[in-house]
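Close look at the chain arrangement
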Amino acid sequence: MFVLVEMVDTVRIPPWQFERKLNDSIAEELNKKLANKVVYNVGLCICLFDITKLEDAYVFPGDGASHTKVHFRYVVFHPFLDEILIGKIKGCSPEGVHVSLGFFDDILIPPESLQQPAKFDEAEQVWVWEYETEEGAHDLYMDTSEEIRFRVVDESFVDTSPTGPSSAEATSSSEELPRKEAPYTLVGSISEPGLGLLSWWTSN
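I will try to describe carefully the structure that is included in this document. Residue positions are given per chain, counting from 1 as you read along its sequence in written order. This being a predicted model, a pLDDT of at least 70 is required before a residue's local features are given, and a value of 80 or more before pairs of side-chain atoms are given or counted; all residues contribute to the totals for chains, interfaces and linings. Processing note: side-chain calculations cover all non-hydrogen atoms of the structure and skip hydrogens and water entirely.

**Some remarks on the overall build of the chain**
Spelled out, the test is: A helix here means a DSSP run of H or I that spans at least four residues, while a strand means a run of E at least two residues long, and both kinds are numbered starting from the N terminus. Accessibility here uses a 1.4 Å probe with only protein chains present; expressed as a share of the type maximum, an area under 20% marks a residue as buried, one over 50% as exposed, and anything in between as partly exposed. Note on contacts: a residue pair qualifies if any of its non-hydrogen atoms lie within 4.5 Å across the two residues. For the accessible areas, the method is Shrake-Rupley and the probe is 1.4 Å, while residue cover comes only from the protein chains on display.
Counting secondary structure elements, the chain contains three helices and 13 strands. Burial status across the chain gives 35% buried among its 204 residues. By sequence separation, contacts in the chain at least 24 residues apart represent 66% of the contacts at least 6 residues apart. For the chain, the exposed area adds up to about 12600 Å²; of that, 51% sits on carbon and sulfur atoms.

See below:
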């Protein structure tokens, strides 16, 4: 689920921090810049692990701050495909079951990846697994806040860097706001025995 990623960045330290240890100032600046941010094709940055190398620091004309090229390792949330994770159901919609890990919410289990046969209950706004037994079908509801075990089957990175308006956007109505996309999303599946709500598989 968590991996160590080697990174390189140039860190600017303002003059009023010169009295502190350089490593402490650099660690604070790196965490300020990266923690809880998604790096494209890397994952969700959690925290600095260690600094492996500091190159020479420079002070440029007109700027009293020091600029240091830093080699470091960062803890990143980036589960591998087919990894099994446990989260909580954040909600359900016709698009599928939305899952949260507490620190990461952009997880979707689409309808075709649920235990089958499944149906969406419009009144309750939950997905239901119509579990077949010898006595007939039993409705197993996927309620909000229930713990759910799922397999990671896909991931998607979206470059959300700011861009200038295109000519098509300039001519469109100003009332239409662009839909905000998540920079990093996971797609899960529970269509196997043992996956799904933990309560389904625990014996009473």
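**Observations concerning helix 1 (residues 22-34)**
Every α-helix carries 3.6 residues per turn, so stepping three or four residues along brings you back to the same face. Which entries qualify depends on this criterion: Given a helix with a known number of residues, its expected span is that number minus one, times 1.5 Å.
With 13 residues, helix 1 should reach 18 Å at 1.5 Å per residue; the first-to-last C-alpha distance of 18 Å fits that figure. Taken together, the buried positions of helix 1 are Ser25, Ile26, Ala27, Glu29, Leu30 and Leu34. The elements touched by buried residues of helix 1 are strand 1 (2-13), strand 2 (38-39), strand 3 (43-59) and strand 4 (66-77). Directly after helix 1, the chain includes Asn36, whose backbone phi takes a positive value near 65°.

**Points about the sheet that holds strand 1**
How we decide: Strand pairing follows a simple DSSP-based rule, namely that at least 2 bridges must link the two strands.
In space, the four strands of this open sheet follow the order 1-4-3-2, with antiparallel pairing throughout. Whereas interior strands pair on both sides, the edge strands pair on one side only; in this sheet they are strand 1 and strand 2. One ladder, built from two bridges, connects strand 2 with strand 3; its direction is antiparallel. For Val39, the partnering residue across the bridge sits in strand 3 and is Gly43.

**A word on the packing of aromatic side chains**
In plain terms, the rule: Here is the rule: rings of Phe, Tyr and Trp (six-membered ring for Trp) pair when centre to centre is within 6.5 Å. Planes less than 30 degrees apart are stacked, more than 60 are edge-to-face, and the remainder are tilted.
Applying the stated criterion across every chain yields a total of 10 aromatic pairs. For the ring pair Phe72 and Tyr74, a centre distance of 6.2 Å and an interplane angle of 75° mean the geometry is edge-to-face. The pair formed by Phe72 and Tyr74 is uniform in burial state, with each residue classed as buried. Taking 5.1 Å as the distance between ring centres and 90° as the angle between the ring planes, the aromatic pair formed by Phe77 and Phe103 counts as edge-to-face. Taken together, the residues Phe77 in strand 4 and Phe103 in the loop between strand 6 (96-100) and strand 7 (107-109) connect sequence positions 26 residues apart.

**Observations regarding the pairing of strand 12 (residues 184-189)**
As judged from the two bridges shared by strand 7 and strand 12, these two strands associate in the parallel manner. Residue pairing across strands places Leu108 opposite Val187, the latter belonging to strand 12. Pairing of strand 11 (residues 147-157) with strand 12 involves six bridges; the strand directions are antiparallel. Of the residues in strand 12, the one forming a bridge with Asp154 is Val187.

**Focus on the environment of Glu181**
By secondary structure assignment, the location of Glu181 is in the loop between helix 2 (167-171) and strand 12. Since its relative accessible area comes to 51%, Glu181 is described here as exposed. Distance from Glu181 to Phe157, taken between C-alpha atoms, is 9.8 Å for residues 24 residues apart in sequence. Once you skip the residues sitting within four places of it in the chain, Glu181 turns out to touch Val158 and Thr160.

**What to know about the pairing of strand 9 (residues 126-133)**
Both strand 8 (residues 118-121) and strand 9 contribute to a ladder of four bridges, which runs antiparallel. What sits directly across from Phe120, in strand 9, is Trp127. Where strand 8 folds back on strand 9, the antiparallel hairpin that results is connected by four residues, among which Gln125 adopts a positive phi of roughly 55°.

**Some details on the environment of Cys47**
By secondary structure assignment, the location of Cys47 is in strand 3. For Cys47, a relative accessible area of 33% gives the class partly exposed. When the C-alpha atoms of Cys47 and Tyr74 are compared, they prove to be 6.0 Å apart, with 27 residues separating the residues in sequence. Beyond its immediate sequence surroundings of up to four residues, Cys47 is in contact with Asn31, Tyr74 and Val75.

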